[in-house]
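# Fold and contact review
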Amino acid sequence: MDNVTLQHKMKELRNQFPTLNQTVNGRPLVYLDNAATTQKPQRVIDSITEYYTKWNANIHRGAHFLANASTEKFESTRTALAEMLHANFREEIIFTQGSTDSVNMLSTILENEVEEGDEIWVTEMEHHANFVPWQVLAEKKKAVFRYIPMTPSGEWDIDYAKKELGSKAKIVAFNYVSNALGTINPVEELVAIAKNAGAYVVIDGAQAVAHFDINVQALNCDFFLFSAHKMYGPTGLGILWGRKELLEKLPPYRYGGEMIRKVSVRGTTFNDLPFKYEAGTPNIEAVIAFNESISFCKEVGRADMHAHEYFLLKTATEQLKAIDGMTIYADLENKVGVLSFNMEGIHSADIGTLLDQQGIAVRTGHHCTQPLWEKLGTTGSVRASFACYNTPEDVELFIEALKKSVNMLR
Amino acid sequence: MIEQKQQEIIEEFAFFEEWMHKYEHIIELGKEMKGLSDEEKKDDLLVAGCQSKVWLKANLNENGTVHFEADSDAIITRGLVALVVSVFNHETPQEILNANIHFMNDIGLVSNLSQTRSNGLAAMVKQILLYATVFQAQQKSN
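A brief report on the enclosed structure follows. (Residues numbered from 1 in each chain as written. Chains lettered and ligands numbered in written order. Predicted model: local features only at pLDDT ≥ 70, side-chain atom pairs only at ≥ 80, totals over all residues. Heavy atoms only, no water.)

## Overview of helix α3 (residues 65–85) of chain A
Three- or four-residue spacings in an α-helix give side chains the same orientation, since the helix completes a turn every 3.6 residues. For α3 of chain A, built from 21 residues, the straight-helix expectation of 30 Å at 1.5 Å per residue is met to within 8% by its first-to-last C-alpha distance of 31 Å. At the exit of α3 of chain A stands His86 of chain A, carrying a positive phi of roughly 60 degrees. (Helix = DSSP H or I, 4+ residues; strand = E, 2+ residues; numbered from the N terminus. Expected span 1.5 Å × (residues − 1).)

## Examining the interface of chain A and chain B
Each side of the interface is counted separately: chain A has 15 residues, and chain B has 14 residues. Buried surface at the junction of chain A and chain B, both sides included, amounts to about 1300 Å², of which 63% is carbon and sulfur. Per-residue buried area on chain A facing chain B is highest for His347, Gln357 and Met408 of chain A; these three make up 41% of the total on that side. Joining chain A to chain B, the criterion identifies zero salt bridges. Our count for the contact surface shared by chain A and chain B stands at four residue pairs in polar contact (both at pLDDT 80 or more). (Contact = heavy atoms within 4.5 Å. Buried area = accessible area lost by both parts, 1.4 Å probe. Salt bridge = Lys/Arg side-chain N within 4 Å of Asp/Glu carboxyl O. Polar contact = N/O pair within 3.5 Å; in protein donor to acceptor, adjacent residues only side chain to side chain.)

## Some remarks on the nonpolar core
By size, the foremost hydrophobic cluster in this structure holds 83 residues, and its most contacted members are Tyr176, Ile214, Phe224, Phe226 and Tyr232 of chain A. Per-element tally for this core: the top contributor is helix α10 (residues 284–300) of chain A, with nine residues. The residue makeup of this core includes at least three contributed by each of domain 1 (3–31 + 301–409) and domain 2 (46–298) of chain A. Dropping the residues within four chain positions of it, Phe224 of chain A is found in contact with Leu85, Tyr176, Ile203, Gly205, Val209, Ile214, Val216, Leu219, Ile239, Leu240 and Trp241 of chain A. Leu339 and Ala384 of chain A together with Ile27 and Tyr131 of chain B belong to the second largest nonpolar core, which has 72 residues in total. (Core = buried A, V, L, I, M, F, W, Y, C linked by side-chain atoms within 4.5 Å. Buried < 20%, exposed > 50% of the residue type's maximum accessible area, 1.4 Å probe, protein only. Domains from an automatic or database assignment.)

## A look at the side chain of Glu309 of chain A
Residues and elements named next belong to chain A. In this fold, Glu309 is placed in helix α11 (residues 302–321). Despite its burial, Glu309 pairs with no opposite charge, the nearest such side chain being Arg302 at 9.2 Å. In this structure, Glu309 is in contact with His211, Tyr232, Gly337, Phe386, Ala387 and Cys388, ignoring residues within four places of it in sequence. (Lys, Arg positive; Asp, Glu negative; His and termini not counted.)

## Considerations on the packing of aromatic side chains
Residue and element names in this part refer to chain A. All told, the structure shown has 19 aromatic pairs over all chains when counted by the stated rule. With a centroid separation of 5.3 Å and an interplanar angle of 65 degrees, the aromatic rings of Tyr232 and Phe296 are classed as edge-to-face. With Tyr232 in the loop between β9 (223–227) and β10 (238–242) and Phe296 in helix α10, this residue pair connects regions lying 64 residues apart in the sequence. Classification of Phe296 as buried rests on a relative accessible area of 1%. Aromatic rings pair up to connect Phe17, Tyr232, Phe296 and Tyr389 into one cluster. The side chain of Lys244 reaches across the aromatic face of Phe89, ending 4.2 Å from its centre. (Phe/Tyr/Trp six-rings, centres within 6.5 Å; stacked < 30°, edge-to-face > 60°. Lys NZ or Arg CZ within 6 Å of the ring centre and 35° of its normal.)

## Considerations on the sheet that holds strand β4 (residues 93–96) of chain A
Residues and elements named next belong to chain A. If you walk across this open sheet you meet the seven strands as β4-β10-β9-β8-β7-β5-β6, and the pairing is mixed. In this open sheet, the two strands that pair with only one neighbour each are β4 and β6 (144–148). Between one strand and the next, the sheet's axes are offset by a mean angle of 20 degrees, whatever the strand orientation. Judged from the five bridges that link them, strand β5 (residues 119–123) and β6 form a sheet pairing that is parallel. Counted as the bridge partner of Val122 is Tyr147 from β6. Of the strands in this sheet, β5, β6, β7 (169–175) and β8 (200–204) are in contact with helix α7 (residues 187–196), which crosses β7 at around 170 degrees. (Pairing = 2+ DSSP bridges. Axes fitted to C-alpha atoms, helices over the stretch in contact; angles between N-to-C directions.)

## Comments concerning a negative patch on the surface
Side chains of Glu17, Glu18, Glu24, Glu28 and Glu32 of chain B sit close together on the surface and give a patch of like negative charge. Residue placement: Glu18 of chain B occurs in the loop between α1 (2–14) and α2 (19–32). (Patch = residues over 30% accessible without salt bridge, like charges linked within 9 Å, V, L, I, M, F, W, Y side chains within 5 Å. Areas by Shrake-Rupley, 256 points an atom, 1.4 Å probe, with all protein chains shown as cover. Charge placed at Lys NZ, Arg CZ, Asp CG, Glu CD.)

## Brief notes about unusual backbone geometry
All names here are of chain A. In this model, Leu273 is joined to Pro274 through a cis peptide bond whose omega is -5 degrees. Examined against the element boundaries, Pro274 turns out to sit in the loop between β12 (267–270) and α10. Although it is not a glycine, Tyr232 adopts a positive phi angle of roughly 65 degrees.

## Notes on the packing of helix α2 (residues 42–55) of chain A against α10 of chain A
All names here are of chain A. As a packed pair, α2 and α10 sit with axes 8 Å apart at the nearest point and diverge in direction by 150 degrees. Viewed along their axes, α2 and α10 adopt a mutual orientation that is roughly antiparallel. Crossing angle aside, the handedness with which α2 passes α10 is right-handed. Counting all contacts with α2, which are made through Arg43, Val44, Ser47, Ile48, Tyr51 and Tyr52, the residues of α10 involved are Ile284, Glu285, Ile288, Ala289, Glu292, Ser293, Ser295, Phe296 and Glu299. Residue composition of the contact of α2 with α10, grouped by class: eight nonpolar, three polar and four charged. (Parallel < 35°, antiparallel > 145°, perpendicular 65-115°, else oblique. Left-handed = near helix turned anticlockwise from the far one by under 90°. Nonpolar A, V, L, I, M, F, W, Y, C, P; charged D, E, K, R; others polar.)

## Re the pairing of β12 of chain A
Residues and elements named next belong to chain A. Bridge count between strand β11 (residues 260–264) and β12: four bridges; the pairing is antiparallel. Bridge assignment links Val263 to a residue of β12, and that residue is Thr268. The hairpin formed by β11 and β12 contains two residues between the paired strands.

Written out as structure tokens, the structure reads:
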């Protein structure tokens, strides 16, 4: 698809997102905080309303019409996710509360797999959610917490992994795409190193799923997780894919209803997958509505989304470079639409405040990646991140507002 | 006195019709404030702040009033800090503890002080009240 056709296609999409059609501080909203959360298309919003209007019932138990209908809708999202991720079995899809919840679940159920002196690996680029739970697990089990360093250019030092990551490694957890920088990491390479070492491989795909297709079989990892809300879906819902034989072997995470087979005063036996890991009433409306996000992404096509976002990224990057005193982090070719930068002598929070006054929503600060910023010798950045519904006009308004802010602050 | 100082700030800001002028004034206040030296900007004076940092120093004057000095690494926060300091400075611990701080909302810069965790202002006001409590206890024991 040529760029003009692509622009046209994406511009049409914008109408499906009602939140974008409003003014903030008297200016048209320019939403560039998509790495934090994406806006939701009308069909997702409608699905939530429809669920509470027509289908509300607790799933998997009641023997009545509504319970059966909502269960069917709930489970059809699981099937759609298995297809989306190319999972071998639909029961490998576990619904959690989000990516943070998924990592906490994994770091808990893998606890008995780790022994004193084993190594748990992450990278210096991780979001705190994929860093702290592993660090705490290592401390608890007297294991060694290690990390793959990040280069000043914002990439993994993969040679370090080749040299240092060996048979002592028990768990290797890393992000597919950096939330702070947008770097697309060479995950296949690291999976190979980690698998060769005999470690469990956990991929945090939170920043990847909205931009390119995922095939967990081809990735050859053991666990892959992401959040629905970063893929045009509802908040409070995480997806965890895990290899069936591992999820069957590992212990439950939370105990309660739904996840049991039989409970008696003498003891309890646990349910099969996926219910073993889904204790309690889940976020039913989010799961059902997420099916609409999955169809949305499939229909639009992630390749087109990524191509469009990449075009916006490159346009914005070129214009930022023309501003005096600009530092762009990870100015790489292999990136998603995340633009992380600082202006010499200006605090990122000040830029964020003044952009907000002009209707531009960006993120400022450390983006929950403090080790990454420590490596880059600063404490945070301004981050503009693009989604499929952003337009070249958004980029223009952003650059204009940024120049105005910088003039005021200098 | 604290109330009067707040009213003066509110009147001052009422002149600005455009957001830009309001912020330009805040930035100016931030630039003008003496602030703290780099040696003083240590962790023991750091009140908090997720994005921008705020440092606060307090001394009890001989005449029974409190002297505050503060700083921030972000210029807009620095300007807001200057306003907060100007309101509380040279008041007695009792007056500080009795004060109802509302000017932030009234000048339309911070919609809700208690929710502005990110810029450290809420933590700063809390710390000011803590200092006042401690100083008041000291005064009573003397």
